[in-house]
Amino acid sequence: MTDLLSLPLPELARWVVQDLGEPKYRAKQLYTWLHKKQVTTLEEMTDLPLALRQKLAETAFIPPVRTRLRLESKLDGTRKFLLEMADGNCVEAVWMEYHHGPSLCVSTQVGCRMGCRFCASTLGGLVRDLTAGEMLGEVYEVQRQMGRPVSSLVLMGIGEPLDNLQNVLDFLTILCSPEGQGLGYRHISLSTCGLVPGIRALMEKKLGVTLSVSLHAPDDAARDAIMPVNRKYPIGELMEACRDYFAATGRRISYEYALIDGVNDSPAQAAALARLLRGQTCHVNLIPVNPVAERDTRRSTRAAVERFARRLGELGVNATIRRELGSDIAAACGQLRRRAAAVEPCTARRAAAVGPCTAADAALPGAGR
Ligand code: SAH
């Protein structure tokens, strides 16, 4: 069976002509239904002849992405969606309201194998990659739920996008195609823990997406201790790839730095970070690390966060302390999970959950873990 949602237009056209024996223009019609009108069933494709729809039903499918749970932050209107794939696996996506319009944070894998010590998404390891169609399904399903389109997208949910590069590239190609939703590449940020070959592969595509790099430490010893990926791609190699990415694309790199009490938040480490980034056109996002029940990382004190930011500023580094969204629904960075049981910390606020999802909670795969 062919997954219709995952095929970029040229590949869909090839399939329609070669495998279905239909004229090429049918591919464009089909693609418009799938990616512009974003329908979820073949029955809705009313300008396709019934015989063709029947042929499609026998040979292809549209991967379903369903909302299992929807939580709304009482603090800032952020919404977290637990989305279920056809095989019962779940991922999370987060809708955030900004003055420049809504932004969606999407997942790229079910689980993650990068093993960052402070992150919830990696706790159960990697289950599988998401397909391009499933990532599109995340966007389309949340837009349906919200009744309006996103104006920007961040690949910062569960998973490491550069560990699933081809599917992520297909996802972006389709989402940004004029025959589809037509989102601009410039409104997309891709976050990576630092897979250097992936950064270089992305650079060669020259898409113009913003690269976010999860740095979190200014030297190899400190980074090795919290991010296993650093043993494979140490900071020197990572910085070289980032400088090359900027040179090739003209896009300023955004560095993520989660401040962990006593681990990476000293004034000396701020100075080391400034030395490391000297000469780069970049921006540093400081995030007081978010609590994750299974992790013993403590967030830096407010005073330490401000001192760190001030020190970077004095040393000429462009840095801001990130505003936290959705902290009452565990929707913040590093808190997303593939198991619904883990929405536990916000049980008291379950009232925000919608319809059947609330009742179904206890029955979700992995619930009550
Ligand atoms: N795998 C990608 C994208 C997903 S994580 C990456 O590593 O960049 C999105 C961001 O949240 C990353 O910067 C990640 O390091 C950060 N993060 C993970 N756990 C966190 C936590 N507990 N508190 C704050 N940020 C966290």
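This text goes with the structure placed above it.
In this text, all values refer to a predicted model and were calculated from it rather than measured experimentally.

Caption draft 1: Main features of the overall build of the protein chain. Looking only at helices and strands, the protein chain features 12 helices and 14 strands. Relative to its length of 369 residues, the protein chain is compact, with a C-alpha radius of gyration of 21 Å against a globular reference of 21 Å. Summarising its shape, the C-alpha atoms of the protein chain cover approximately 70 × 50 × 35 Å along the three principal directions. Taken across its 369 residues, the protein chain has 58% of its residues classed as buried. Here the contacts in the protein chain between residues at least 6 apart in sequence split such that 66% fall between residues at least 24 apart. Of the roughly 15,300 Å² that the protein chain leaves accessible, carbon and sulfur atoms contribute 52%. Distance between charge centroids for the protein chain: 3 Å, based on 46 positive and 40 negative side chains.

Caption draft 2: Representation of the layout of surface pockets in the model. In this structure, the largest pocket encloses a volume near 810 Å³. For the largest pocket, the lining is made up of 36 residues, of which Met96, Tyr98, Val154, Met156 and Arg322 are closest to its centre. The set of elements that each furnish at least two residues to the lining of the largest pocket consists of β5 (90-98), β6 (101-105), β9 (152-155), β10 (188-192), β11 (210-214), β12 (253-259), β13 (282-288) and β14 (319-321). Counted by class, the lining of the largest pocket contains 15 nonpolar, 15 polar and six charged residues.

Caption draft 3: Seen up close, the site of the ligand. Looking at the ligand, there are 18 residues lining it, with Phe118, Ser191, Ser214, His216 and Asn290 nearest. Contacts to the ligand include Gly159, whose backbone N or O atom sits 3.0 Å from a nitrogen atom. Within the backbone of Asn290, a nitrogen or oxygen atom sits 2.8 Å from a nitrogen atom of the ligand. Burial of the ligand by the protein amounts to 97% of the accessible area it has alone, namely 530 Å². With respect to the pocket detection grid, the ligand is positioned in the largest cavity. Contributing elements (two or more residues each) for the shell around the ligand: β10 and β12. Taken together, the residues of the shell around the ligand sort by class into eight nonpolar, eight polar and two charged.

Reading the values: rules and limits
Residues numbered from 1 in each chain as written. Predicted model: local features only at pLDDT ≥ 70, side-chain atom pairs only at ≥ 80, totals over all residues. Heavy atoms only, no water. Helix = DSSP H or I, 4+ residues; strand = E, 2+ residues; numbered from the N terminus. Rg over C-alpha atoms; globule rule 2.2 N^0.38 Å. Buried < 20%, exposed > 50% of the residue type's maximum accessible area, 1.4 Å probe, protein only. Contact = heavy atoms within 4.5 Å. Areas by Shrake-Rupley, 256 points an atom, 1.4 Å probe, with all protein chains shown as cover. Lys, Arg positive; Asp, Glu negative; His and termini not counted. Charge placed at Lys NZ, Arg CZ, Asp CG, Glu CD. 1 Å grid on protein atoms, 1.4 Å probe; cavity = no way out; pocket = protein on both sides within 12 Å on 5 of 7 lines; lining within 4 Å. Points joined across faces, edges and corners; volume = space filled by probe spheres on them. Nonpolar A, V, L, I, M, F, W, Y, C, P; charged D, E, K, R; others polar. Near = heavy atom within 4 Å. Polar contact = N/O pair within 3.5 Å; in protein donor to acceptor, adjacent residues only side chain to side chain. Sits in = over half its atoms within 2 Å of the grid points.

The values are spatial; any link to function lies outside them.
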